[in-house]
Each structure stands twice: as structure tokens, then as C-alpha cells.
Amino acid sequence: MAAQNRRDFLKTMGIIGVTAAGFSTSTTKAQEKFKLSEDRIGVLVDTTVCIGCRNCEWACKKVHDLPAGSLEEYNDRSVFENKRRPDEHALTVVNEFENPDNVLLPVDVKVQCMHCEEPACVSACIVNAYTKHPEGPVTWDSDKCIGCRYCMVACPWQIPAFEYDKAIQPNIMKCDFCYDRQQEGKLPACVEICPEEALIFGKRRDLIEIARQKIKREPDRYVDHILGENEVGGTSWLYLAGQNFSKLDFPKLGTDPAPGVTEKIQHGIFAYFIPPISLYALLGGIMWINRGKSKSKEV
Amino acid sequence: MEYYMNPAPVKKVKFLTRGVMILILLVINAFVFLAIRFFGGLGAMTNLDNQHPWGIWIAIDVACGVALAAGGFTSAALGHIIHKEEYKVILRPALLTAMLGYTFVALGVFVDLGRYYFIWHPLIYWNGSSPLFEVGICVMTYVTVLYIEFIPIVTERFIGKVNLKGIFASLNKMIDSLLRFLDRGLAKTMFIFIIAGIVLSTLHQSSLGTLMVIAGPKMHPLWQTPILPLLFLLSAIAVGFPMIIFESLIAARSLGLKPEMKVLSGLGRMMGPMLGIYFAFKLGDMLIRGTFVYLTEVNTQSIMFVIEVVVGVIIPMRMFFSEKVLNSRLWLFVASALTVLGVFLNRINNFLVAYSPPYAFKSYFPSVGEISVTVGFIALLVLLYRVIVMNFPVISLPDKKKLPMVKYAIKGGEQ
């Protein structure tokens, strides 16, 4: 009995050891894990086309019932003096960067949730409030959320925002890819309003093909990198740019899915509950063996 | 002459001292800020923002709270599983600390949650891949187990002494028989809870380390490692006994008792190797991943890392190996306090110092309100400890009714 326990214990330690030492980079494909559709959609953002009109910001606020103001206010280009981030008041923002090749033609970059193929928020959420839909979008469910903000710690793109000013029912705010509109057969609001076709909506695999062709056709215009094709296991939103993405304030991320290591540890510790149960048995065994020890000492 | 040590309420002390008054003021101060938090939202009184979603309520109240309450499970392993009779006197104080410590953790989580009224949601909405889910479930279960483990202390205090006045007098008999029922039932089943408590502790102590792994490159490489859960577990095990020594010595001074030096130095003697194992893994991890290169840059992170490891691990480890330290009340206290500080710094470093979000416009420093709430909760904890040890049989006192001891004596009592 004791020997058996000891073996289990060693096994537990072995699992901890393997989790600790190894971590091979091989991961199950996102498709298998989330049952993603082959035809899942995405958006290709061509930052060399975007003119920074910020109509997308306005349209996004409109459809998400956020205070939007009039469309004319968005012509004000002074907002570009500061770099902005999507927050609880705006689910998408456009930032402007200097163009090293042509000072008169600045580069404008729209930022929003990337809708990862293997999202850290979905993996991290304590109550499963996030869903990765087979069609691509990552959405958040207000009915489950407890406001712990772990998704914000986990997100590699630092996207989810929290309504800190609300005392009751503060929401996590992030782009939902207009999931409801898509269900009705409509385009995402930002894609629909974009006057320059800087945002191309379509099947993700087609978009990657289009992006590759664009790079091939105009190698001087684009750097040979589709952001989101492989970053953190791939994202639904893809970007093309004329300069290095790190110059456009994108974080430098590897190709391993963000939740990979954590999930390996979790599934190692809880492999069919064997490690915890063996530890329980081991401790019980030791306690049983030692149980007689005290009797002799007590008066 | 030596006497048997038996748990008994500490009676001979005045409750309301000047120190206690200050603690009460700190608690009131915390409640003022909490009112702002609950009526105005988290943004009204904290320095948290979209870049820094977690502050000291998670880093100190939760992460440090859980780590420093580890004395509960390490002492249970020593006293109940390995069955070292001579350490029996520390079991109840350690249990009380763990129980209060975890209550403090739960309070910290409660005020930090944006939707605190949904704190029970993890019970029905499960996410097995989330380490936070595991920590949440384990902590909830463990708090329950700790309260169950405490019930015998309550029954021991009240069996045969239930004496409600007035209209409640009729309930006396019923309550008494309920206590007797609990006492009898738990005497037979307590081992289940004791073992469960230890298993639950090892699980969530390590998963607390897994929490930050998913932050990936947002966390400084000096701390970001896949063996974080192992390091968290080892450091929690290492800080358990120093925390017991630390608070035993403080409690002894505050309550005017003679500390159980023989027991405490016995605990201290185990500390050198335990800290050694933790240090070996921390050092090995640093060498394998080659992160020592970051120590050549002088910045907040590298300085904090060096303080954490040198002051909080290496120095106390060396001290615990010294016989002189083990036998001196003062030096034992210093070594234990340094270990506690080391783990405290480690948790703060992991959750706050190491965390550098990519788009931070400003760095995070806790607001007056956040600090007030954390300090107030700690004050409340100390007050509750005082109330409970003065009314329940927790701390062992020399029992003069029993015969003086001949063998296996535990020194103590001012005779």
C-alpha cells in the first residue's frame, strides 16, 4: 500500500518535473480545440491605405450604444498628437505614425481586439464568460462575468477594458466583431463605413491569400509580414504595413498561443485528478502508519 | 518545574490596550474608503486602470495572504501526518492564523471584484483551463475545511457551558446536544478534512503561481518562468514555519506569555534545508533560462529581485543554519521576519513589479485608499486573533491541574 502510494507520489513529482523542465512548443491546432470553421471570417487591415478619417470609430460607437457625437467631430486630426488605446468608451481607435519614406503621408493604424485563434481571455476567464465562436469572433458574456479582470492580465494585445467608474454591473468592454450584426448578415460597422476599403472583410484563408498577393505585387510598398497570420497562434484580424510593426506600436509576440504553457501546467496538475488523489492517498497512508506513535506518549 | 501544556483561553490580559485602539481606528479608516469603493466603483478610490487591472488587493491581500497562511497546512502535515507530538502546541495557533488569513483573502477578493455580488459564479460556471478558477474553487473549499477544523475548539469551549439568558434559555439544551453531536462526529472524521486541507493547499498554492504565466512577455523574465507554480509551492512551504515563529513570538510578547522556544527552534532547524531547496530551484531556473543577464541592468526590477533573493532567502537561510540564531529569541525572530519579508516581496514582485503592460502611460502605485483598506484588513485580522485567543482554547498554557511532566516535556510557563 505504502509502496504503491510512493510510486504515485513519484509520478506526481514526475509530472511536475516534466511540466517544469520540458514545454515542447508543439500544440494542438486551434481548429481542433475550438472546432473553428474552415470558412471562419476575418478582416485584413491595410495600413498603407488607411487615411485616418476615423469614421470607423464613430460607426463602432453608434452600433454599440456608446456616446458617439456627430461624424464631423471625427475630422479633428489633433487627437493624433497622442497615442490612444481602445478603452471602455471606444472599442476601436486609430493612431497615426510618421512615415519614414514620405513625411506628408503619415501611417494610420486602426486598433481593436484581434480575435485570436487561441485566445488567452477565453482560456483565462474564471467563469467561462468568453466564447471563441467557430466563425471567428471572440465575445464576452455579461451574465457570467464577475469582474475579476484576469482577461486583462492575460491578453497579449492588452485589449479588454473595464468600466472602473461603475459601482454596479461594470462591463468588460472590447470589440465583439459585431457578432450580432454578422448573425443578421450585416458587415461589421467599421468595415461597412470604411470609405477607402482599408478594411477587407472575408474568409480568413482568402484574406491571407490576398495579403500574400499584395505583398508579391508591390514588394516596395509592404514589408513581407502579415501580422496576425502566426502571432500567438494566429488572429482573425490581419495587418499589412509598409514598415516594421514594432514601429507601429504592436507588441512583439511569438507564434506560440498565449494560453499554451498555462494550459499544459493546468492539465498536468489535474490529469484526470490523478495527482491530487494520489497525494491524498499518500498523505492518508503516512498518517495511518504514524497513527500509533502518539498513544505511547500520552498519559 | 515543568507542566503539561494545554490549550486554554488567555485570560490575564486586558483587551483594550493602546495598540488595540490604534488597530480599531485603522479598521474604521478602511471602512470609510470601502464605502467610496462600493458607492463609486473601483475607479473612485483605486489607481487601477486598463493597463494595470490588478493592484495590491490582489498582490498583498490575495497572493501574500495565501502564502503567509501556509503555516496552516505545513504545521498540519508536521503535526497530524508525520505526527510529531512535540509540535502539538503550534497546531491550534497555526490553524487560527490560516483560518483568519484565508478569511482575509476572501475579503480581499470580494472588494476587488468588479461584480462582487457574483463571487459565487465560479461554483456554477466552470473553466478547467483557468488557473484562477482552480485557485477560486480551492480557496473556497479550503476556507470551509479550515472552519470545520476549528469547530472542535468551539465545542471544547462551550460543551456543558451553553448558558443563554432570557427567552433563549430554552435553546440551551438543543445547542449543547448539537455541539456534542458535532464533536463526536468530527472526532471520527477529522482526518478526512486534515488531509483534504493539505491537498487543497498544495494545489492552490502552486496554481497561484500559474496565474501570471499567461501574462507571457508582459512579465519581466526574472520572474516569468514555466516553473512559477513550483516556486510558489516551495516558497509557501518555506514560509509556513517562519510565519508561525514570527507570530508566536509577537503573540507571546503581546499577551505576556513565555514563548515555546524549544518548539520554535525545532521549527527553525528545519528552515535551512527548506529555504535551501527553494533557493536551489530559483537559482537553477535562473541559470537554465539565462536570466541573470537582466541583473546587469540597473532598474526597479533587478533591484527588487536582488533584495528579494538576498535579504529574503539567502540571509535567513544562512541564519537558520546557525545554532546561535536558533537558540536566541531575538535572532530567531529576525530570521523568521526576513523569510516572511522575502516571500511577501516575491509575491509583490510577481504580481506588480514584474508586470509591465505594453501601453502603460503611467506606472502603478497603490492609492491611499487601497493601502488603507489592506492595512485595515490586516488590523482586523490581528484584532480577531486577539479576541479569539482570549476566549477560545487556542494557545497552550501550562496546566497546573495535571501532574508535572517527567518525560517528553515541552518547556514553557513561568514557574
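Right above here is the structure, for reference.
Residues numbered from 1 in each chain as written. Chains lettered and ligands numbered in written order. Predicted model: local features only at pLDDT ≥ 70, side-chain atom pairs only at ≥ 80, totals over all residues. Heavy atoms only, no water.

Draft legend 1. Spatial organisation of the pattern of salt bridges. Residues and elements named next belong to chain A. As enumerated under the stated definition, the model contains 22 salt bridges over all chains in all. Of the charged contacts in the structure, one is a salt bridge between E184 and K186, with a shortest N-O distance of 3.1 Å. Taking relative accessible area as the criterion, E184 reaches 56% and is therefore assigned exposed. For R212, the salt bridge is made with E209, and the minimal N-O distance between the two is 3.9 Å. Highlighted residues: R212 and E209, both in helix α8 (residues 204-217), separated by three residues, approximately one helical turn. A relative accessible area of 40% places R212 in the partly exposed class. E209 sits in the partly exposed class, given a relative accessible area of 41%. (Salt bridge = Lys/Arg side-chain N within 4 Å of Asp/Glu carboxyl O. Buried < 20%, exposed > 50% of the residue type's maximum accessible area, 1.4 Å probe, protein only. Helix = DSSP H or I, 4+ residues; strand = E, 2+ residues; numbered from the N terminus.)

Draft legend 2. Main features of the interface of chain B and chain A. Taken residue by residue, the interface counts 70 residues in chain B and 69 residues in chain A. Counting the contacts that link chain B with chain A gives one salt bridge. Put simply, D112 of chain B and R149 of chain A hold a salt bridge, and the shortest N to O gap is 3.0 Å. The tally of links from chain B across to chain A stands at 34 residue pairs in polar contact (both at pLDDT 80 or more). Those elements that provide at least two residues to the side of chain B that touches chain A are α1 (18-40), α3 (71-81), α4 (88-112), α5 (131-158), α6 (172-210) and α7 (228-255) of chain B. Residues of the side of chain B that touches chain A, tallied by class, amount to 44 nonpolar, 18 polar and eight charged. (Contact = heavy atoms within 4.5 Å. Polar contact = N/O pair within 3.5 Å; in protein donor to acceptor, adjacent residues only side chain to side chain. Nonpolar A, V, L, I, M, F, W, Y, C, P; charged D, E, K, R; others polar.)

Draft legend 3. Molecular detail of the packing of aromatic side chains. Applying the stated criterion across every chain yields a total of 21 aromatic pairs over all chains. Where F177 of chain A meets F201 of chain A, the ring centres are 6.4 Å apart and the plane angle is 85°; that geometry is what we call edge-to-face. Here F177 of chain A, found in the loop between β7 (172-173) and α6 (179-183), pairs with F201 of chain A, found in strand β8 (residues 199-203); they are 24 residues apart in sequence, far enough to count as distant. Judged by its relative accessible area of 2%, F177 of chain A is buried. Judged by its relative accessible area of 27%, F201 of chain A falls in the partly exposed class. Here F104 of chain B and F377 of chain B contribute two aromatic rings whose centre-to-centre distance is 6.3 Å and whose plane-to-plane angle is 85°, an arrangement assigned as edge-to-face. Of this pair, F104 of chain B sits in helix α4 while F377 of chain B sits in helix α12 (residues 368-391); the two residues are 273 residues apart in sequence, bridging distant segments of the chain. We note that F104 of chain B, like F377 of chain B, is buried. Grouped by ring-pair contacts, the aromatic residues F38, F110, Y116, Y117, F118 and W120 of chain B constitute a single cluster. (Phe/Tyr/Trp six-rings, centres within 6.5 Å; stacked < 30°, edge-to-face > 60°.)

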